[in-house]
Amino acid sequence: MKSSAIVAVTLVTALTACNGASNSLPSGTTGSSSLGSSIVNHATAAELGLWPRSGPAVRVCGSVKPGFARCQAWIRTDIKGPIRPNTPSGYGPSDLQTAYNLTSYSRSNGSGATVAIVDAYVDKNAASDLSTYRSQYGLSACTTSSGCFTTHALGTTSNAGWGEEESLDVDMVSAICPNCKILLVEAKSSSLANLAAAEVYATAHANYVSNSWSGNEGTTSYDGDFNVSGVAITAATGDSGYNSTAQWPAILPTVIGVGGTSLTKTNPRTETAWSDAGSGCSKVYAKPSFQSGITTGCSDRAEADSSADANPNTGVAVYDSQEGGWLVFGGTSVATPITASVFALAGNTSTNNPGNLYSHTSSLNDITSGSNGSCGAPLCTAGTGWDGPTGLGTPNGIGAF
């Protein structure tokens, strides 16, 4: 099927900083849903040849000082609203489920599982925006009244950039595990102390926890809050490519550090390391047993462990009413909740740790091309087996999880 589309171009002139400033995006429009409960009954953007689309992107959270974390979402500034009626730009649930061999699992698994998302600040529109996203793609309702969607706010302050991050995170859990419950834990601020406090609540109420944010390695005071038996904790490795300072908490040996790829869902499907996917060597944590025998280019703990789509140019559709409606996002903020949700689909709470992935590498898509820096293989350049930008690879069903 061929189609043409006129894409309204909107240029964001100022980056949303994490101090509460808002992106200057005009309102977009959305169409009513024409989707069935399980199967998309109209062509997706990818199938129409309208996606991926290259264009400018900016971070939604600005730089932070020591002791604080930065959300790792990127937003496309040239795309706004649907590119044709009822078809938002960017990959939707069907695209992602197909790409990662999850379609059958996403339909049947996840009931009774809760995926917790830890972010900072309060997003007052989280529930209504989630409803719009799920309705658009024919996913069953996930509401506060039914107990499917729950928020736990530890503060009262809102922040536009982190609000976009929250929309991205809950939408990605919905895309991969529609039957899962979602717990959104909103830290009082983006300080590591407050985010760690939110993590304590999340790990006490869910077996799968996603953290689409990071700060520089060095603070060890809160490490214990990310070491909880029976809880799979994922965290973004950051969006600065190879980094001489590893990103925390992704670098922790008890956390699954999630890198990023560029996913082109065409025929044939291709996936390469995203040039900005984070990788690095710890200067604090010794090499864990699950990385022994693997050449990582690091004498100590190395990141990443796994990965998923993160390039904004192969980004995902997200609905955020505060920023005008349908948007396209990228960043390791996309890959992190995707990975946590695959753990939830697998449901193996007794093996929720990075080591489980290293024992099941044959059940992952090995990413063998692309790079995120000039330090060579394997820390910067993807190749057979483990590499820094993509770890062991991306989901291929639930066997590795």
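Each remark here, short or long, concerns the structure printed above.
Residues numbered from 1 in each chain as written. Predicted model: local features only at pLDDT ≥ 70, side-chain atom pairs only at ≥ 80, totals over all residues. Heavy atoms only, no water.

Topic: the packing of aromatic side chains
The line we're drawing: Planes of paired rings set the category: under 30 degrees apart is stacked, over 60 is edge-to-face and the rest tilted, where pairs are Phe, Tyr or Trp rings (Trp by its six-membered ring) whose centres lie within 6.5 Å. Strands are runs of DSSP state E lasting at least two residues, helices are runs of H or I lasting at least four, and both sets are numbered from the N terminus onward. For every residue, the accessible area (1.4 Å probe, protein chains only) is compared with the maximum for its type, and the residue is labelled buried under 20%, exposed over 50%, or partly exposed between those bounds.
Evaluated as defined, the whole model comprises 10 aromatic pairs. For the ring pair Trp213 and Phe226, a centre distance of 6.3 Å and an interplane angle of 70° mean the geometry is edge-to-face. In this pair, Trp213 is assigned in strand E10 (residues 213-216) and Phe226 in the loop between E10 and strand E11 (232-236), connecting sequence segments 13 residues apart. There is no split in this pair, since Trp213 and Phe226 are both buried.

Quick word on the packing of helix H4 (residues 160-176) against helix H6 (residues 332-346)
Our working rule: A fitted line through C-alpha atoms serves as each axis, taken over the contacting stretch for helices, and the angle formed by two N-to-C directions is quoted from 0 to 180°. Each crossing is labelled by how the near helix is turned from the far one, with a counterclockwise turn of less than a right angle marking it left-handed and a clockwise turn marking it right-handed. Contact between two residues is taken to exist if any of their heavy atoms lie within 4.5 Å; hydrogens are not considered. Only Asp, Glu, Lys and Arg are considered charged, only Ala, Val, Leu, Ile, Met, Phe, Trp, Tyr, Cys and Pro nonpolar, and every remaining residue, Gly among them, polar.
Where H4 contacts H6, the axes come no closer than 8 Å and their chain directions differ by 35°. In this structure, H4 meets H6 at a crossing whose hand is right-handed. Contacts between H4 and H6 involve Glu165, Leu168, Asp169, Met172, Val173 and Ile176 from the former and Ser333, Val334, Pro337, Ile338, Ser341, Val342 and Leu345 from the latter. Classifying every residue of the contact of H4 with H6 by side-chain character gives nine nonpolar, two polar and two charged.

Remarks on the nonpolar core
This is how it is decided: What we call a nonpolar core is a set of buried Ala, Val, Leu, Ile, Met, Phe, Trp, Tyr and Cys residues that are connected through their side-chain atoms within 4.5 Å.
In terms of nonpolar packing, the biggest core is built from 97 residues, with Leu96, Trp213, Val316 and Phe329 touching the most fellow members. When residues in this core are grouped by element, the largest group, nine residues, is from H6. With residues up to four places along the chain from it excluded, the contact list for Val316 reads Gly90, Tyr91, Leu96, Leu168, Met172, Asp309, Leu327, Val328, Phe329 and Val334.

Here we look at the sheet that holds strand E1 (residues 57-59)
Basically, it comes down to this: Two strands make a pair as long as DSSP finds a minimum of two bridges between them.
Strand order in the open sheet formed by four strands is E1-E3-E19-E18, and the pairing between neighbours is antiparallel. Of all the strands in the sheet, the pair left with one neighbour each is E1 and strand E18 (316-320). Across this sheet, the average inter-strand angle for adjacent strands is 45°, counted without regard to direction. The pairing of E18 with strand E19 (residues 325-330) spans five bridges and is classified as antiparallel. Bridge assignment links Val316 to a residue of E19, and that residue is Phe329.

Digging into the side chain of Arg134
This is how the line gets drawn: In this tally, Lys and Arg are treated as positive and Asp and Glu as negative; His is ignored, and so are the chain termini. Within this document, salt bridges are pairs made up of a side-chain nitrogen of Lys or Arg and a carboxyl oxygen of Asp or Glu, the two lying within 4 Å of each other.
Within the secondary structure, Arg134 sits in helix H3 (residues 126-136). Asp171 is the oppositely charged side chain nearest to the buried, salt-bridge-free Arg134, at an N-O distance of 7.8 Å. Not counting residues up to four positions away in its chain, the partners in contact with Arg134 are Leu139, Ser140, Ala141, Cys142, Ser174, Pro178 and Ile182.

Description of the state of the cysteines
Heads up, the rule is: Any two cysteine sulfur atoms lying within 2.5 Å of each other are counted as a disulfide.
A complete count under the given rule lists five disulfides for this structure. The partner cysteine of Cys61 in its disulfide is Cys71, sulfur to sulfur 2.1 Å. As the torsion about the S-S bond is roughly 100°, the Cys61-Cys71 disulfide counts as right-handed. Taken together, the positions of Cys61 in the loop between E1 and strand E2 (70-71) and Cys71 in strand E2 put the pair 10 residues apart, joining distant regions of the chain. You'll find Cys61 and Cys71 in the same group, each marked buried. Between the sulfur atoms of Cys281 and its disulfide partner Cys298 the distance amounts to 1.9 Å. As the torsion about the S-S bond is roughly -75°, the Cys281-Cys298 disulfide counts as left-handed. Here Cys281 is found in strand E15 (residues 280-286), whereas its partner Cys298 is found in the loop between E15 and strand E16 (300-303), with 17 residues between them in sequence. Relative accessible area serves as the criterion here: at 8%, Cys298 is assigned to the buried category.

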